[in-house]
Amino acid sequence: MPTQTRKKYERFIFKDYQLEGQKIKFFYTLSANHLPPLDFCECLELPPTVPPPNPQDQNLAKLLDACHKVLGLSYYKTYLPETIVASPVSPLDAVFWQELYSVGLGEFYFRNNLPLPQHLQFPTQTTQTTQAQRFEVGSIKTHMEPKIMVLMGGGKDSAVVCSIAKHVSNSCIGFSLGDNFWAAKTAESAGLPYIQVKRTLDPALFQLPDARNGHIPISACIAFVSTLVAYLLGCNYVIAGNERGADEGNVELAGTTINHQWSKGSHFEDLFQQWCRRNLGGGPSYFSLLRPLSEIHIAKLFAQLPDLHPAFSSCNGNFKLHPQGLNQRWCGRCAKCVFTALLLKPHLTDEAYRHIFLADFLENPQNQTTLLNLLGLGTMKPWDCVGTFMESKLCFTMLYQQQRLSGMAWEVAQTYPEACVSEDFRDQWQKHLTPTHQHFLPPTWLPQIYAYY
Ligand SMILES: [Zn+2]
């Protein structure tokens, strides 16, 4: 819809939230000078095994306020009001929220042909706040077994995280925000208890014909909601499965890198850890267990977990339509399907590969544009959670050397010699199987984790 006919709302108001048993309701209003206000309510429903939050706990009050703010992204983006009306936060926290609502929504702004906002302001406190309460459950330093929450997306990454986390602690629990059939299946196959928080967006959001739409940094929403639940359950750690390649962006916009995976990147992990340290008195601690690893390395580890091969899906085409997973496992056409096939095939026998994917998506001529985009030979990196250009090229080269490219992929290898890494292939492959030391892992975990890698 042309901008001039879109309704204009001047203010986005974070109203309040209400606790009703296991439900937490967050209220928002878009207000305008010449239009009736638009009210929204988003609801989270905790499973019965999670004690409801007590807002008298200062840390919980901060987590609830933060969940209110992060979940507001879906409503704010509809009309992008210039003024934010919210409970005031510390100046450092305000900077955090301003970054989340600008660069964090980078893909949304870019794909809507909009510049990043330069003057968005979250209200700040003028007086010093009280110190964060001390987090009281045992920490790893006390030699108690750490209690770990594993974030589950239903893909290969969280399957690998489950297997590593079980080496560190017998007290692990899987978590997902919203229904996720494959996450539940992975947790079950890995022998982990699993909980999900039900999330209900306000239906009014889908009845705004002139509203803007687009991608939000969903991993930031998951980080806050999972940390809230981890706090309620007394978990020491919240562990994500974001790899090092998530830092590679898609495009540049006025000097800023726009990255579909911004909230899976190391910069967000750093910002979120700082937010937790400022506000939660030491815990729970959030980090990504796979940050030192490349996608190729994760694929190698996953290939060694055959029990989990029937229990995952990395297809976003199906997931967007059917998050409950009650349909076919792979669409065979989305960038995730094509990338996952390309990534896993070098590490699997033909039989295991066919068993997982049922077909070879790399043979399908309809996937040629996607494959070229993954290899860095097309127009741009797909807007999806896929690996770096180099990771795709290395896998493609390995399959070429294994003489396992056929159909469309074979044609691509013939037509585009630059699709293969030529000179330093072996060095590059080895480099991608070597963990880096750029991560946010707790130092006490390093010996166990590096032994597993
Ligand atoms: Zn797919």
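Structural notes, computed from the coordinates. Keep in mind that this is a model prediction, so the values were computed, not measured.

### Remarks on the pairing of strand 7 (residues 194-200)
The sheet contact formed by strand 3 (residues 38-45) and strand 7 spans three bridges and is antiparallel. Note that in strand 7 the partner of C43 across the bridge is T200. The sheet contact formed by strand 6 (residues 171-177) and strand 7 spans four bridges and is parallel. The residue of strand 7 that forms the bridge with G174 is Y194. In this region the chain leaves strand 6, passes through helix 6 (residues 181-190) and returns to the parallel neighbour strand 7; the handedness of that crossover is right-handed.

### Describing the packing of helix 5 (residues 156-168) against helix 6
Any two packed helices are characterised by the angle at which their axes cross and by the distance between the axes. Here helix 5 crosses helix 6 at 30°, and the two axes come no closer than 10 Å. In this view, helix 5 runs roughly parallel relative to helix 6, as classed from their interaxial angle. Crossing hand, helix 5 versus helix 6: right-handed. For the pair helix 5 and helix 6, contact is made by S158, A159, C162, S163 and K166 and by A183, T186, A187 and A190, respectively. Across the contact of helix 5 with helix 6, the residue classes break down as five nonpolar, three polar and one charged.

### Here we look at the sheet that holds strand 11 (residues 285-288)
Read from one edge of the open sheet, nine strands run 4-1-2-3-7-6-5-8-11, paired in mixed fashion. Each edge of the sheet is formed by a strand with only one pairing partner; in this case those strands are strand 4 (83-85) and strand 11. Each strand of the sheet is rotated relative to its neighbour by a mean of 20°, with strand direction disregarded. In the packing of helix 7 (residues 218-233) onto the sheet, the strands contacted are strand 3, strand 5 (147-151), strand 6, strand 7, strand 8 (237-240) and strand 11, and the crossing angle to strand 6 comes to about 135°.

### Examining the packing of helix 11 (residues 335-344) against helix 14 (residues 389-401)
Orientation of helix 11 relative to helix 14, taken along the N-to-C sense of each, is 55°, at an axis distance of 8 Å. Comparing the axis directions of helix 11 and helix 14 gives the class oblique. In this structure, helix 11 meets helix 14 at a crossing whose hand is left-handed. Residues F339, L342 and L343 of helix 11 form the contact with helix 14, whose participating residues are S392, C395 and F396. Residues of the contact of helix 11 with helix 14, tallied by class, amount to five nonpolar, one polar and no charged.

The rules behind the values
- Residues numbered from 1 in each chain as written.
- Predicted model: local features only at pLDDT ≥ 70, side-chain atom pairs only at ≥ 80, totals over all residues.
- Pairing = 2+ DSSP bridges.
- Helix = DSSP H or I, 4+ residues; strand = E, 2+ residues; numbered from the N terminus.
- Right-handed = clockwise from strand over helix to strand, strands pointing away.
- Axes fitted to C-alpha atoms, helices over the stretch in contact; angles between N-to-C directions.
- Parallel < 35°, antiparallel > 145°, perpendicular 65-115°, else oblique.
- Left-handed = near helix turned anticlockwise from the far one by under 90°.
- Contact = placed C-beta atoms within 7 Å.
- Nonpolar A, V, L, I, M, F, W, Y, C, P; charged D, E, K, R; others polar.

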